[in-house]
Amino acid sequence: MPITGNSISTKILTAFALLLFCIASVVELKAQITTDSLAKTLIVDTVSFVPDTLVRNSNDSLVTDSLQLTTSEELKSKVHYTADDSIKFDIEGERVYLYGNAKVNYEDIQMDAAYIEVDWTTRKLFARGVVDSTGNESGLPIFKQGADMFTAKTVIYNFDTKKGKITQVNTKQGDGFILGQTIKKIDERNYFIRNGAYTTCDLPHPHYSISAKKLKVVQNNKVVTGPAYLVIEDVPMPLAIPFGFFPTRKSRSAGILLPAYGESGRLGFYFKDGGYYFGIGDVVDFAITTDIYTLGSWAVKLNSNYANRYRYNGNVSVSYSEIKTSEKELPDYNLSKDFFIRWNHRQDSKARPSSVFSANVNAGSSSYYQNNLSSASNYLTNTFQSSVAWSKSWPGKPYAFTSSLSHSQNTITKDVSLSLPNTNFSVNRLYPFKRRVAVGTEKWFEKIGISYQNNFQNSIQTKDSLLFKEGSADQFRYGMSHSIPVSTSFKILKHFTLSPSISYNEKWYTKTIRKNYDAANDSIITDTISAFRASRDFLFSASMNTRVYGMLQFRKGKIAALRHVMSPTISYGYRPDYSDPSYKYYKEYQTDAEGNVAQYSIFETGIFGGAPSGKYGVIGFNLDNNLEMKTRSVTDTSVNFKKIKIFESLAAGVSYNTAVDSFNWSNININGRTILFDRVNINLSASFDPYALDESGSRINTSELEKNNRLARLVSSSFAVSFALNNNTKKKTPGTGPSKKTSPEEDLVIPYNLSINYNLSYSVPEYLIRK
């Protein structure tokens with residue numbers, strides 16, 4: 001092929017360009033390679049570099065993914081580099097230099113520092129901080145391995161041996177902190193420290209510490225020191241120990257609980273509270289301990305604590321003992337088998353706001369703390385109480401449910417009261433006739449509200465020795481009650497408010513009683529009848545009230561006006577007589593041999609009782625008064641008014657029972673209260689009887705007005721005054737408040753609180769009544 005001038009020149013130019021590229025490549029590979037991008041990442045899985053793998057992209061940034069190994073030895077894992085400022089490579093020296101927020105990750109190890117240098121020849125890493133122009137050091141190395149982390153001034157670490165040397169270290173182990181001048185890491189778990197200190201103060205320069213020249217740290221296990229001494233505020237104290245041992249284990253452990261020993265004159269020599277502890281986990285632990293006495297008595301105790309952060313926590317303790325006193329052959333020999341249970345459970349209020357469970361149980365044998373060695377407070381306690389409760393509500397719903405257990409025990413009388421379970425289901429007030437979409441004025445029937453309450457109770461009162469005996473279950477009293485109140489309130493005749501209501505109650509029982517007279521033994525026999533019976537009753541009531549305002553104004557003088565408000569109320573309540581034979585709730589029985597009879601309720605032993613006896617039809621009258629005065633004070637520029645309460649309330653009330661044939665009127669009760677000078681509270685009350693007395697002082701069905709020409713006679717009265725005075729004014733601070741200068745006397749404020757109460761009660765003596 002002929003060679004033309006153009007082809008020759010083209011080849012010459014190509015060869016020249018290739019020569020320049022080769023020279024530039026050689027120079028570049030022998031020199032240090034510097035990249036200045038803001039964020040660089042390099043992943044290396046070898047310990048030496050091959051230039052052929054270095055490639056630059058169009059933006060001249062380093063994008064090498066990996067560097068191939070040319071020797072026979074390799075690291076087990078990849079090494080990840082990042083740096084915010086720059087990364088420099090020394091190809092001949094096989095070194096890497098990272099500047100600015102440098103990070104190196106290898107397996108579970110992470111190193112952060114302002115400057116990191118990696119030497120792949122020795123496979124060592126060196127890290128330190130940098131000093132700025134003001135002399136402050138920043139970017140100190142932070143070494144992380146697993147859950148452990150410490151800061152230091154310099155760090156040297158070998159990737160092969162996983163050993164290192166660190167200066168001026170600060171790390172946390174368990175609940176304490178370790179500081180050291182020089183630390184050597186010999187493997188993944190063990191460190192040796194020279195001129196170190198152990199402290200629980202979390203400051204970089206602690207206020208106190210236990211210092212030693214030599215320390216050994218076993219990661220997440222313990223800290224062991226040689227001769228050590230206490231240092232407070234950098235001052236060595238004359239308190240030293242030959243060696244130190246500080247556990248730093250984060251996980252729970254198990255171990256033997258050493259007992260306490262002593263002597264009891266009644267039980268002999270003893271080993272007390274010795275046993276074994278089980279660290280089951282982070283949520284619960286368990287311990288079993290025993291008490292052993294040389295005269296044959298013993299006790300075993302099981303204790304457990306549990307906690308789930310932000311949800312619940314508590315503890316349980318169960319104890320059982322057999323205490324022997326004296327010898328079997330002697331008459332004062334006694335063997336007591338006692339037990340005691342304690343349980344406390346608390347739920348975090350934010351864990352489940354709509355479902356709350358709590359428990360506080362203290363129950364056991366009445367003689368447990370008297371027979372077993374215990375604290376003085378437990379020995380002297382004669383009452384134990386327990387309660388367990390669970391409540392549930394439904395957000396956005398009108399109903400709620402509560403279930404509880406209660407227990408009360410007296411160690412002196414041996415009485416036990418137990419209620420389980422007690423339940424309550426309630427429905428808040430509902431308006432069943434209210435329109436979903438209100439149009440126009442609200443109708444009177446739309447204000448009718450109804451609610452519901454359901455209660456179940458099951459309780460027993462007995463002696464503690466009989467609680468778990470055969471037949472004790474028959475002594476439980478239980479029943480269920482239902483209550484449905486219906487009420488409303490509306491205006492009539494524009495100015496009057498009418499509030500009618502009706503309450504329906506029903507009680508369910510599976511047992512009733514029947515009483516009979518036993519003539520042979522002249523006694524009353526009460527039989528229990530097992531059959532379902534229900535007691536039903538209702539109460540109707542209505543009230544009407546209004547307000548009457550009166551104003552008396554004065555044009556001249558200090559008194560500007562008098563304002564009087566009267567609030568009259570009339571009410572009526574009705575309930576039938578449920579002792580009437582037609583209801584079959586009450587029966588009669590013979591009380592003695594002479595044939596006298598009495599009435600009883602078949603629900604007499606019911607836990608909620610039965611329907612009430614006696615007809616009820618009461619009309620009530622009440623008048624409440626409020627009297628205020630307005631005063632005026634005239635100045636050159638304005639007229640100021642001030643309200644003063646003369647009587648905040650002055651009420652009088654009386655009722656008339658239409659269902660009885662005598663003593664229809666109740667006592668007239670008067671109550672009043674007011675406040676004087678905004679500091680003095682005055683309360684007074686009095687009761688007047690409208691019926692007269694006979695010569696013997698007995699109340700008769702004759703009015704005082706008819707017999708003694710007066711409305712009523714005073715029965716009792718009371719008068720109470722309370723006075724409160726305080727001055728908690730804060731001391732004035734210069735530069736605050738008005739610019740007016742104050743004298744030293746005005747700056748001196750002595751805060752004080754003064755309260756005085758005076759009560760006086762009076763009842764008419766009997767001899768004055770007779771007189």
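None of these values were measured; they are calculated from a predicted model.

Trainee: Any chance you could explain the overall build of the protein here in plain terms?
Mentor: The helix and strand tally for the protein stands at 6 helices and 48 strands. Counting the 771 residues in the protein, one finds 29% classified as buried. Sequence separation of 24 or more characterises 49% of the internal contacts of the protein that already satisfy a separation of 6 or more.

Trainee: Sorry, what's going on with the pattern of salt bridges here?
Mentor: If the charged atoms of two oppositely charged side chains come close together, the side chains can form a pair. Within the structure shown, the criterion is met by 20 salt bridges. Notably, a salt bridge pairs Lys-507 with Asp-537, separated by 3.4 Å at the nearest N-O pair. Taken together, the residues Lys-507 in strand β35 (residues 496–518) and Asp-537 in strand β36 (residues 523–545) connect sequence positions 30 residues apart. Among the ionic pairs, Arg-699 bridges to Asp-689, the shortest N-O distance being 2.7 Å. Taken as a pair, Arg-699 in strand β46 (residues 699–703) and Asp-689 in strand β44 (residues 680–689) lie far apart in primary sequence, 10 residues in all.

Trainee: Hey, could you run me through empty space enclosed by the protein in this one?
Mentor: Using a probe with the size of a water molecule, rolled over the atoms, empty space left in the structure can be pinpointed. The final tally for this structure, using the stated rule, is 4 cavities of 30 Å³ or more. Considering only enclosed or pocket space, the largest cavity measures out at about 70 Å³ in volume. Lining the largest cavity, in full, are Asp-148, Met-149, Phe-150, Thr-171, Gln-173, Ile-178, Ile-183, Tyr-191, Ile-193 and Val-217. Put simply, the parts of the chain that give the lining of the largest cavity at least two residues each are β11 (148–151), β13 (164–173), β14 (176–185) and β15 (190–199). Of all the elements, β11 adds the most residues to the lining of the largest cavity, at 3 residues.

Trainee: Please explain the pairing of strand β7 (residues 124–128) as it appears in this structure.
Mentor: A regular strand places its side chains on the two faces of the sheet in alternate fashion. The side-chain alternation of β7 yields one buried face, formed by Leu-125 and Ala-127, and one unburied face, formed by Lys-124, Phe-126 and Arg-128. Here strand β6 (residues 109–119) runs beside β7; their pairing, made up of 5 bridges, is antiparallel. From the neighbouring strand, Asp-119 faces β7, where its bridge partner is Lys-124. The turn linking β6 back onto β7 is made up of 4 residues, and Arg-123 within it adopts a positive phi angle of 60 degrees. Pairing of β7 with strand β12 (residues 154–158) involves 5 bridges; the strand directions are antiparallel. Paired with Arg-128 across the two strands is Thr-154, which belongs to β12.

Trainee: Got a minute to help me understand the environment of Thr-411 in this structure?
Mentor: If you trace the backbone, Thr-411 turns up in the loop between β30 (399–410) and β31 (415–430). Residues Thr-411 and Gln-370 lie 41 residues apart in sequence; the distance between their C-alpha atoms is 9.6 Å. In this structure, Thr-411 is in contact with Ser-366, Thr-381, Asn-382 and Phe-384, ignoring residues within four places of it in sequence.

Trainee: Looking at this structure, I do not really get the packing of aromatic side chains. What am I missing?
Mentor: Any aromatic ring pair is given by two values, namely how distant the centres are and how the planes are angled relative to each other. Following the criterion strictly, the structure yields 33 aromatic pairs and no others. Both rings, one in Tyr-157 and one in Phe-159, keep their centres 5.9 Å apart while their planes meet at 85 degrees; by these two values the pair is edge-to-face. Overall, Tyr-157 belongs to the buried group, its relative accessible area being 3%. Ring centres of Trp-394 and Tyr-399 lie 5.4 Å apart, and the angle between their planes is 55 degrees; this geometry places the pair in the tilted category. We classify Trp-394 as partly exposed; its relative accessible area is 33%. Residue Tyr-399 is classed as partly exposed on the basis of its relative accessible area of 30%. Counting every residue linked through ring pairs, the aromatic cluster contains Tyr-81, Tyr-106, Trp-120, Phe-143, Phe-150, Tyr-157, Phe-159 and Tyr-191. For Arg-128, the ring lying beneath its charged end belongs to Tyr-115, and the centroid distance is 4.3 Å. One Lys or Arg, Lys-392, reaches over the ring of Trp-394 and ends 5.8 Å from the middle of that ring.

Trainee: How should I be thinking about the pairing of strand β33 (residues 477–487) in this particular structure?
Mentor: In the sheet, strand β32 (residues 449–463) pairs with β33 via 9 bridges, with the strands oriented antiparallel. What sits directly across from Ile-450, in β33, is Val-486. Relative to β35, β33 is paired through 8 bridges, and the arrangement is antiparallel. Residue pairing across strands places His-482 opposite Glu-506, the latter belonging to β35.

Trainee: Would you mind showing me how to read the side chain of Ser-472 here?
Mentor: Tracing the sequence through the fold places Ser-472 in the loop between β32 and β33. Taking the relative accessible area as the measure of exposure, Ser-472 reaches 11% and is therefore buried. Polar side-chain contacts of Ser-472 include one of 2.8 Å to the backbone oxygen of Leu-467. In this view, Ser-472 contacts Ile-460, Leu-466 and Leu-467; residues no more than four positions away in its chain are not counted.

Trainee: Just to check I follow, could you spell out the environment of Ile-288 for this structure?
Mentor: Considering the arrangement of structural elements, one finds Ile-288 in strand β24 (residues 286–293). Taking the C-alpha atoms as reference points, Ile-288 and Gly-275, 13 residues apart in sequence, are found 5.5 Å from one another. With near-sequence residues (within four places) excluded, Ile-288 lies in contact with Gly-274, Gly-275, Tyr-276, Phe-278, Val-300, Lys-301 and Leu-302.

Trainee: Sorry, what's going on with the layout of surface pockets here?
Mentor: Within this model, the largest pocket holds a volume of roughly 500 Å³. What lines the largest pocket is a set of 20 residues, and nearest its centre among them are Phe-339, Gly-364, Asp-464, Leu-467 and Phe-468. Along the lines of polarity and charge, the residues of the lining of the largest pocket split into 10 nonpolar, 7 polar and 3 charged.

Trainee: Even after reading the chapter, I still don't get unusual backbone geometry, so can you show me in this structure?
Mentor: Glycine aside, the phi torsion of most residues is negative, and most peptide linkages are trans. With an omega dihedral of -20 degrees, the bond running from Leu-420 to Pro-421 counts as a cis peptide bond. Assignment of secondary structure puts Pro-421 in strand β31.

Trainee: How do you make sense of the side chain of Ser-459 when you look at a structure like this?
Mentor: Mapping Ser-459 onto the fold places it in strand β32. Given the relative accessible area of 15%, Ser-459 is considered buried. Those residues in contact with Ser-459 that lie beyond four places of it in its chain are Leu-418, Ser-419, Gln-475, Phe-476, Arg-477 and Ile-607.

Trainee: Is there a simple way to think about a nonpolar patch on the surface in this case?
Mentor: On the surface, a cluster of nonpolar side chains totalling about 1,100 Å² of accessible area is made up of Ile-256, Leu-258, Tyr-276, Phe-278, Ile-280, Ile-288, Leu-302, Val-318, Phe-339, Ile-341 and Phe-468. Sorting the residues of the nonpolar patch by element identifies β23 (268–278) and β27 (334–347) as the ones contributing at least two each. As for its placement among the helices and strands, Tyr-276 is situated in strand β23.

Trainee: Would you mind going over the environment of Ile-87 with me for this structure?
Mentor: The residue Ile-87 is located in strand β4 (residues 86–90) in this model. What makes Ile-87 buried here is its relative accessible area of 3%. Along the chain, Ile-87 and Tyr-99 lie 12 residues apart, while their C-alpha atoms are 6.4 Å from each other.

Trainee: Looking at this structure, how should I read a positive patch on the surface?
Mentor: A surface patch of positive charge is lined by Lys-165, Lys-184, Arg-194, Lys-213 and Lys-214. Looking at the element boundaries, Lys-214 is found in strand β16 (residues 208–218).

Cut-offs and rules
- Residues numbered from 1 in each chain as written.
- Predicted model: local features only at pLDDT ≥ 70, side-chain atom pairs only at ≥ 80, totals over all residues.
- Heavy atoms only, no water.
- Helix = DSSP H or I, 4+ residues; strand = E, 2+ residues; numbered from the N terminus.
- Buried < 20%, exposed > 50% of the residue type's maximum accessible area, 1.4 Å probe, protein only.
- Contact = heavy atoms within 4.5 Å.
- Salt bridge = Lys/Arg side-chain N within 4 Å of Asp/Glu carboxyl O.
- 1 Å grid on protein atoms, 1.4 Å probe; cavity = no way out; pocket = protein on both sides within 12 Å on 5 of 7 lines; lining within 4 Å.
- Points joined across faces, edges and corners; volume = space filled by probe spheres on them.
- Pairing = 2+ DSSP bridges.
- Phe/Tyr/Trp six-rings, centres within 6.5 Å; stacked < 30°, edge-to-face > 60°.
- Lys NZ or Arg CZ within 6 Å of the ring centre and 35° of its normal.
- Polar contact = N/O pair within 3.5 Å; in protein donor to acceptor, adjacent residues only side chain to side chain.
- Nonpolar A, V, L, I, M, F, W, Y, C, P; charged D, E, K, R; others polar.
- Patch = residues over 30% accessible without salt bridge, like charges linked within 9 Å, V, L, I, M, F, W, Y side chains within 5 Å.
- Areas by Shrake-Rupley, 256 points an atom, 1.4 Å probe, with all protein chains shown as cover.
- Lys, Arg positive; Asp, Glu negative; His and termini not counted.
- Charge placed at Lys NZ, Arg CZ, Asp CG, Glu CD.

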